[in-house]
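Remarks on the overall topology
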Amino acid sequence: MLSLSSFEEQPNLEATLETIQTGGRKAKAWLYDKIKGTKFALPALYFPKSLIPHDVWKACPTTTNSNEQSHCNINQDGTNLTVLGGIMRAWDYDSHMETSINVHDTYGIHTHDTAATHVQ
């Protein structure tokens with residue numbers, strides 16, 4: 001499953017998905033969720049299916065935590081908005097994130113319960 005978390009295009013994506021599919025009940029459930037259950041899950045894991053710009057993707061850590069969290073954060077702020085409503089929500093979101101970063105940089109305090117994990 002980690003082979004899907006990639007910036008590079010898989011030589012044979014369908015074969016990889018079939019391999020995961022044959023991995024048992026939990027693997028089938030995981031794959032079903034990533035393909036059918038949540039339309040943003042596979043694009044959050046696999047850059048060639050993503051709409052995230054190249055430089056933003058490369059700036060993210062090697063785990064999928066922040067990518068998936070970004071989708072969650074944006075979707076919590078609103079969907080199906082007018083253009084003006086979307087711009088106003090985006091400005092508000094950016095303002096909150098800037099405040100969060102400034103608090104961390106100034107005081108060393110995380111604004112979340114735990115810091116993000118990074119796998120090396």
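Figured I'd write up the structure that's included with this text.

1. Re the overall build of the chain
Looking only at helices and strands, the chain features 6 helices and 0 strands. Ordered by position from N to C terminus, the α and β elements of the chain give α-α-α-α-α-α. Counting only residues that meet the buried cut, the chain has 22% of its 120 residues in that class. Counted over contacts in the chain with a minimum sequence separation of 6, partners at least 24 positions apart contribute 41%. By element, 57% of the accessible surface of the chain is carried by carbon and sulfur atoms, the whole surface being about 9100 Å².

2. Structural notes on the nonpolar core
Judged by nonpolar contacts, L4, L13, L17, I20, A27, L31, L42 and Y46 together constitute the single largest core of 8 residues. For this core, the secondary-structure elements that each account for two or more residues are α1 (13-21) and α2 (25-37). Top contributing element to this core by residue count: α1, with 3 residues. Not counting residues within four places of it along the chain, the set of residues in contact with L42 comprises L4, K34, I35 and K49.

3. Let's talk about the pattern of salt bridges
Close approach of charged atoms allows side chains with opposite charge to pair. Applying the stated criterion to the full structure yields 1 salt bridge. Residue D33 is joined to K34 by a salt bridge in which the shortest nitrogen-to-oxygen separation is 3.0 Å.

4. Re the side chain of S50
Residue placement: S50 occurs in the loop between α3 (41-45) and α4 (54-59). Once you skip the residues sitting within four places of it in the chain, S50 turns out to touch P43 and W57.

Conventions used here
Residues numbered from 1 in each chain as written. Predicted model: local features only at pLDDT ≥ 70, side-chain atom pairs only at ≥ 80, totals over all residues. Heavy atoms only, no water. Helix = DSSP H or I, 4+ residues; strand = E, 2+ residues; numbered from the N terminus. Buried < 20%, exposed > 50% of the residue type's maximum accessible area, 1.4 Å probe, protein only. Contact = heavy atoms within 4.5 Å. Areas by Shrake-Rupley, 256 points an atom, 1.4 Å probe, with all protein chains shown as cover. Core = buried A, V, L, I, M, F, W, Y, C linked by side-chain atoms within 4.5 Å. Salt bridge = Lys/Arg side-chain N within 4 Å of Asp/Glu carboxyl O.

Function cannot be read off these values alone, since they describe shape.
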